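Results of the structural survey
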Amino acid sequence: MVSSKYIYYLFLVNALMNIINFVPRVLIFTRFQGTLPSIFISTAIGALLLYGFTKGIAGFKGQGLPEIYNANLPRFFSFFLLIMYACFWFSAGIITMLSFVDITVRYISPDISPYAVIIGFLLLSAICCRLSSESILYGLETILFLSTPVIIYMLVKAFLNPNFSWDAVLQIVTYMWTKPKYVTVAGATFIFSGFFNLAIFNRNFKDLKTRYLWTIPLFGLVILLITFEVPIGYQGTVGVENHVYSWFSTADSIRMELFIIERVLFLFYTIYLMISMLSTVVHWHVGLELFKGAFQSKSGKLPGKKADWWVLIPFSIATIVIMNFLNQVRLGQIGQWFLNIRLINEFVLLAILFYAKKRSAKKT
């Protein structure tokens, strides 16, 4: 069993990863169409989902979503839901992985084959996601403690850089009262989705304490504002839309004088490679356990470790096939569709969880 501090780590790794993924792209593309009000609305929605899901699943001590669904829902309904959400979690990991393959080829080594990169990422993710949930949580803690101070240092460098334009940031603030759009709210709320990984990791918590849960919406709001404003401060209110990965372009414009690594880009890439791979491992681990939970026997026995590869190999092959048919535009479109559908799915998951909790209360 682990302490409740790991709830905050699950949130943090998802929030930090989305600084460089599709979330800033969505926020920047709609910067004149209500991004700022959308950020505040998404913070309220994220807080609602956070409190609802953690309070709901805290009533099932030591149980994950497979145990909850299989015990309190009709078997065919439980099977369908677990398979659907397993595919959804695997999709989140695949999108993150494909994005970082594109980033690696574009910014670090244009001459390397994307297939070599994706095979390396797949091997790492497939091997690590088979570890125990507790081991993954410990690895999560270690990598966050190593990377977070470096990220804070780079953010301080970004804000103190004389090339950062506060006028551009203040210009965007003038659009504060513009009507928000659903796509922006759906994208911004993904920052808060890390706690949904409790769908499996709740098995490792003896008593889910949520005393300081209010800090998550606060940190989420700060991260969203930084995610949105920093690229605008460097690239301008108009020029920022010309950069697909605005944060990598921003990192490449910052230098570290008197340091062994002059270009911040290489340090930024290394840190976010670790965080993105860690996020993918967490998503695939949850997806794998949900998939196995769908085939849980009536006695509560789950399929063995050998069954893992029957799930991981097809999804790995699917990742390579999908990459073969995607270009940068299509990848961005798929990422946007994923964000739009995800928000609806999270509300559905929350509603079914409370229904299962009500069924469980009637049984007792």
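It should be noted that the structure appears before, not after, this text.
The paragraphs below set out a description of the structure included in this document.

Analysis parameters
- Per chain, residues are indexed from 1 in the order of the written sequence.
- For this predicted model, a pLDDT threshold of at least 70 governs which residues receive local features, and a threshold of 80 or more governs which side-chain atom pairs are given and counted, while totals over whole chains, interfaces and linings are taken from all residues.
- For side-chain calculations, the full set of non-hydrogen atoms in the structure is used, while hydrogens and water are omitted.
- Working definition: helices are DSSP H or I runs of at least four residues, strands are E runs of at least two. Numbering for both runs from the N terminus.
- Our radius of gyration looks at C-alpha atoms and nothing else; its globule reference is 2.2 Å times the residue count to the power 0.38.
- Exposure categories follow from relative accessible area, calculated using a 1.4 Å probe and restricted to protein chains: below 20% of the type maximum is buried, above 50% is exposed, and the middle band is partly exposed.
- By definition, residues are in contact when any of their heavy atoms lie within 4.5 Å.
- All accessibility values rest on the Shrake-Rupley procedure with a 1.4 Å probe; residue burial counts only the protein chains present in the view.
- Asp and Glu are treated as the negative residues and Lys and Arg as the positive ones, with His and the ends of the chain left uncounted.
- By convention, charge coordinates are those of NZ in Lys, CZ in Arg, CG in Asp, or CD in Glu.
- Between N-to-C directions, angles span 0 to 180 degrees; the directions come from axes that are lines fitted to C-alpha atoms, helices contributing only their stretch in contact.
- For this classification, under 35 degrees means roughly parallel, over 145 means roughly antiparallel, 65 to 115 means roughly perpendicular, and everything else is oblique.
- Here is the rule for handedness: rotate from the far helix to the near one, and if that takes an anticlockwise turn smaller than a right angle the crossing is left-handed, while a clockwise turn gives right-handed.
- Ten residue types, Ala, Val, Leu, Ile, Met, Phe, Trp, Tyr, Cys and Pro, are classed as nonpolar, four, Asp, Glu, Lys and Arg, as charged, and the remainder, Gly among them, as polar.
- Each nonpolar core is a collection of buried residues, namely Ala, Val, Leu, Ile, Met, Phe, Trp, Tyr and Cys, held together in the definition by side-chain atoms within 4.5 Å.
- In a helix, the anticipated span is given by 1.5 Å times the number of residues less one.
- One fitted axis covers the seven residues ending at a residue, a second covers the seven starting there, and the bend at that residue is the angle between these axes.
- Only the six-membered ring of Trp is used, alongside the rings of Phe and Tyr, when aromatic pairs are assigned; centres must lie within 6.5 Å, and planes under 30 degrees apart are stacked while those over 60 apart are edge-to-face, with the rest tilted.
- Throughout, disulfides are identified as pairs of cysteine sulfur atoms within 2.5 Å of each other.

1. Quick word on the overall build of the protein
Helix and strand content of the protein: 15 helices and zero strands. A globule of 364 residues ought to have a C-alpha radius of gyration of about 21 Å, and the protein, at 20 Å, matches this closely. Overall, the C-alpha framework of the protein stretches about 65 × 45 × 35 Å when taken along its three principal axes. The 364 residues of the protein split such that 56% are buried. In the protein, the proportion of contacts linking residues at least 24 apart, taken out of those at least 6 apart, comes to 86%. A total of about 16000 Å² of accessible surface is found on the protein, and carbon and sulfur atoms cover 69% of it. The average position of the 29 basic charges and that of the 15 acidic charges among the side chains of the protein differ by 15 Å.

2. Describing helix H4 (residues 65-72)
Of all eight residues making up H4, seven are buried, and the element is well covered by its neighbours. Looking at the buried side of H4, the elements it contacts are helix H3 (35-58), helix H5 (75-108), helix H10 (198-201), helix H13 (264-294) and helix H15 (328-363).

3. Here's the deal with the packing of H3 against H15
When two helices pack together, you describe them by how their axes are tilted relative to each other and by the distance separating the axes. Orientation of H3 relative to H15, taken along the N-to-C sense of each, is 30°, at an axis distance of 10 Å. It follows that H3 is roughly parallel to H15 by the angle criterion. Like other packed secondary-structure pairs, H3 and H15 cross with a definite hand, here left-handed. For the pair H3 and H15, contact is made by Ile45, Leu48, Leu49, Gly52, Phe53, Lys55, Gly56 and Ile57 and by Leu343, Glu346, Phe347, Leu349, Leu350, Leu353, Phe354 and Lys357, respectively. Taken together, the residues of the contact of H3 with H15 sort by class into eleven nonpolar, two polar and three charged.

4. Things to note about the side chain of Ser42
Assignment of secondary structure puts Ser42 in helix H3. Sequence-distant contacts of Ser42, that is, excluding residues within four places in its chain, are made with Val185, Ala188, Thr189, Phe192 and Leu224.

5. A closer look at the packing of helix H6 (residues 114-128) against H13
Running from N to C, H6 and H13 point in directions that differ by 50°, and their axes come no closer than 9 Å. Classed by the angle they form, the pair H6 and H13 counts as oblique. Between H6 and H13 lies a crossing whose hand is right-handed. Facing H6, whose interface residues are Phe121, Leu122, Leu124, Ser125 and Cys128, H13 presents Leu273, Met277, Thr280, Val281 and Trp284. Classifying every residue of the contact of H6 with H13 gives eight nonpolar, two polar and no charged.

6. Observations concerning the nonpolar core
By size, the foremost hydrophobic cluster in this structure holds 125 residues, and its most contacted members are Ile20, Phe53, Tyr69, Phe248, Phe268, Tyr272 and Leu290. Looking at this core element by element, the count peaks at 18 residues for H13. Residue contacts for Ile20: discarding those within four places in its chain leaves Phe100, Ile103, Tyr245, Trp247, Phe248, Phe268, Tyr272 and Ser276.

7. Let's talk about helix H7 (residues 133-160)
Think of an α-helix as turning once every 3.6 residues; residues three or four places apart then point the same way. Between its first and last C-alpha, H7 extends 40 Å over 28 residues, near the 40 Å set by a 1.5 Å rise per residue. At Ser147, H7 shows its maximal kink, close to 30°; a proline, Pro149, follows between one and four residues later. Those residues of H7 not exposed but buried are Ser133, Ile136, Leu137, Leu140, Glu141, Leu144, Ser147, Val150, Ile151, Met154, Leu155 and Ala158.

8. Digging into the packing of aromatic side chains
Summed over all chains, the structure comprises 25 aromatic pairs. Their ring planes at 70° and their centres at 6.3 Å tell us that Phe100 and Phe248 sit as a pair that is edge-to-face. Linking Phe100 in helix H5 with Phe248 in helix H12 (residues 246-252), this pair joins segments that are 148 residues apart in sequence. The exposure class assigned to Phe100 is buried, which follows from its relative accessible area of 1%.

9. Section: the state of the cysteines
For the structure on display, the rule yields zero disulfides. As a non-bridged cysteine, Cys87 has Cys129 as the owner of its nearest cysteine sulfur, 14 Å distant. For Cys87, a relative accessible area of 30% gives the class partly exposed. For Cys128, which is in no disulfide, the shortest distance to another cysteine sulfur is to Cys129 and amounts to 8.0 Å. We classify Cys128 as partly exposed; its relative accessible area is 24%.

Honestly, it's all geometry; don't read function into it.
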